[in-house]
Amino acid sequence: MTGAPCELTGAGGALALSGVVTPDSVLALRRDGDARIRQGEGLLELDLAGVTGASSVLLSLLLCWQRLAAAQQRPLRYCNAPDDLVALAVLGGVDHCLAGLQPDSTPEPATDTASHPADPHPAAG
């Protein structure tokens, strides 16, 4: 995958990840992110709006950072995740592990109980 090189910017409680995370870039990026997570305190928000190209490499990196933040007792929330990254997390069943990466929930349709009333005479057991 080609694209802009990945970069982690920001300081304190607000970081931004941009570019394409590749197998070649992920280790250096992880070290940088790990150091930033360990340095601070309090909520850390990581903006993913500049990320291009969802991949298992990127998803793995985000999971590593989430695990480290939890071990450091530092809340980490991802924001502005691209739709393809959210879809990949859902497909992999890890969206619930990454704070802020859950897809928007849509309300369930209301059940019309008038047209399907509960059985007033349930079967005897």
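In case you missed it, the structure is sitting above this.
Residues numbered from 1 in each chain as written. Predicted model: local features only at pLDDT ≥ 70, side-chain atom pairs only at ≥ 80, totals over all residues. Heavy atoms only, no water.

### Digging into the overall build of the protein chain
Here is the rule: For helices the rule is a DSSP run of H or I covering at least 4 residues; for strands it is a run of E covering at least 2, with both sets numbered from the N terminus onward. We call two residues in contact when some of their heavy atoms are within 4.5 Å. Per-residue accessibility takes into account occlusion by the displayed protein chains alone, with areas from the Shrake-Rupley method and a 1.4 Å probe.
For the protein chain, the count of helices and strands is three helices and four strands. Counted from the first residue to the last, the protein chain has its helices and strands arranged as β-β-α-β-α-β-α. For the protein chain, contacts bridging at least 24 residues in sequence account for 65% of all contacts bridging at least 6. Looking at the protein chain as shown, the accessible area adds up to about 7800 Å², and 55% of this sits on carbon and sulfur atoms.

### What to know about the pairing of strand β3 (residues 44-51)
The line we're drawing: Two strands make a pair as long as DSSP finds a minimum of two bridges between them.
As paired elements, strand β2 (residues 14-19) and β3 share five bridges and run parallel to each other. Bridged to L15 within β3 is L46. By the bridge criterion, four bridges tie β3 to strand β4 (residues 76-79) in an arrangement that is parallel. Bridge assignment links L44 to a residue of β4, and that residue is L76.

### Some remarks on the nonpolar core
Counted only if it meets this: What we call a nonpolar core is a set of buried Ala, Val, Leu, Ile, Met, Phe, Trp, Tyr and Cys residues that are connected through their side-chain atoms within 4.5 Å. Only protein chains enter the area calculation, which uses a 1.4 Å probe; residues under 20% of their type maximum are buried, those over 50% are exposed, and those in between are partly exposed.
Within the largest apolar cluster, 28 residues are counted, with the highest numbers of intra-cluster contacts made by L17, L46, L48, W65, Y78 and L101. Among the elements of the structure, β2, α1 (26-39), β3, α2 (56-71), β4 and α3 (83-92) are those that each provide at least two residues to this core. The contacts of L48, once residues within four sequence positions are left out, are L17, L62, Y78, C79, N80, A81, P82, L85 and L101.

### Re unusual backbone geometry
Although it is not a glycine, Q73 sits at a positive phi angle of roughly 55°. Tracing the backbone through its elements, the reader meets Q73 in the loop between α2 and β4. Even without being a glycine, N80 presents a positive backbone phi close to 60°. Along the chain, N80 falls in the loop between β4 and α3.

### Some details on the pairing of β4
Note the threshold: Place the viewer so that the strands point away; then a crossover is right-handed whenever the path from the first strand over the helix to the second strand goes clockwise.
Taking every second residue as pointing to the same face, the buried face of β4 carries L76 and Y78, while none of R77 and C79 on the other face is buried. Traced from β3 through α2 to β4, the parallel crossover comes out right-handed.

### Topic: the pattern of salt bridges
Formally: The rule for a salt bridge is simple: a side-chain nitrogen of Lys or Arg has to be within 4 Å of a carboxyl oxygen of Asp or Glu.
Throughout the structure, instances matching the rule amount to two salt bridges. Across the pair D34 and R30 runs a salt bridge, and its minimum N-O distance is 3.6 Å. Of this pair, D34 and R30 both sit in helix α1, four residues apart, which is roughly one turn of the helix. In this structure, D32 engages R36 in a salt bridge whose closest nitrogen and oxygen atoms are separated by 2.9 Å. Here D32 pairs with R36, and both are found in helix α1, just four residues apart, close to one helical turn.

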